[in-house]
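# Structural overview for review
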Amino acid sequence: MSRLHFQPIKGKSLEIIDAILHTEEASTVGDFWGYFSVVVEELVLNIVDYSHSEYLDIEILRDEKSITLRIHDDGTPFNPLERELPDLTLPMEDRPIGGLGIFMVIKYMDSITYDYAGGENILTLIKNLTKTKAKR
């Protein structure tokens, strides 16, 4: 298991993303690596840009069948699972800005739970790695 601690400072997002993706756990997800990198990028950018958090703690657990990403931050309470998903049937020019990133996170992961406890947002994401493709 990897545990990482960051200060979510604007302008440092790429360094945070890179550190997460270079953990042993993340680097061994095989065919899912591209999807996992999109998930990590989306979540880190949202926390750094919008949460007003003082810290960002990441836990990554890996076994032969799955990878679990648990994110803790002390920012503004925000449950991404309550966000309305974009209507992909609308023409691009009629769609409101935002929401596609969270949509991709939900599509790419097999399980997502959110909790707000002890002044922390806690987002837990699990991907079953025995499947070779993300849900579409």
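Let me sum up the structure you'll find in this document. (Residues numbered from 1 in each chain as written. Predicted model: local features only at pLDDT ≥ 70, side-chain atom pairs only at ≥ 80, totals over all residues. Heavy atoms only, no water.)

So, about helix H2 (residues 33-50). Relative to the 26 Å expected for 18 residues at 1.5 Å per residue, H2 spans 25 Å between its end C-alpha atoms, a close match to the ideal helical length. A positive backbone phi angle near 60° is found at His 52, which sits one or two residues after H2. (Helix = DSSP H or I, 4+ residues; strand = E, 2+ residues; numbered from the N terminus. Expected span 1.5 Å × (residues − 1).)

Spatial ordering of the open sheet is given by E1-E2-E3-E5-E4, a layout of 5 strands whose pairing is antiparallel. With partners counted over all chains shown, the strands left at the sheet margins are strand E1 (2-6) and strand E4 (111-117), one partner each. Strand-to-strand twist across the sheet, computed as the mean angle between neighbouring axes with direction ignored, equals 15°. Sheet topology places E1 next to strand E2 (residues 56-62); 5 bridges connect them, and they run antiparallel. From the neighbouring strand, Phe 6 faces E2, where its bridge partner is Leu 56. Relative to E1, helix H1 (residues 13-21) is tilted by about 170°, and along the sheet it contacts E1 and E2. Strands E2, strand E3 (66-73) and strand E5 (120-128) of the sheet are contacted by H2, whose axis makes an angle of about 5° with E3. (Pairing = 2+ DSSP bridges. Axes fitted to C-alpha atoms, helices over the stretch in contact; angles between N-to-C directions. Contact = heavy atoms within 4.5 Å.)

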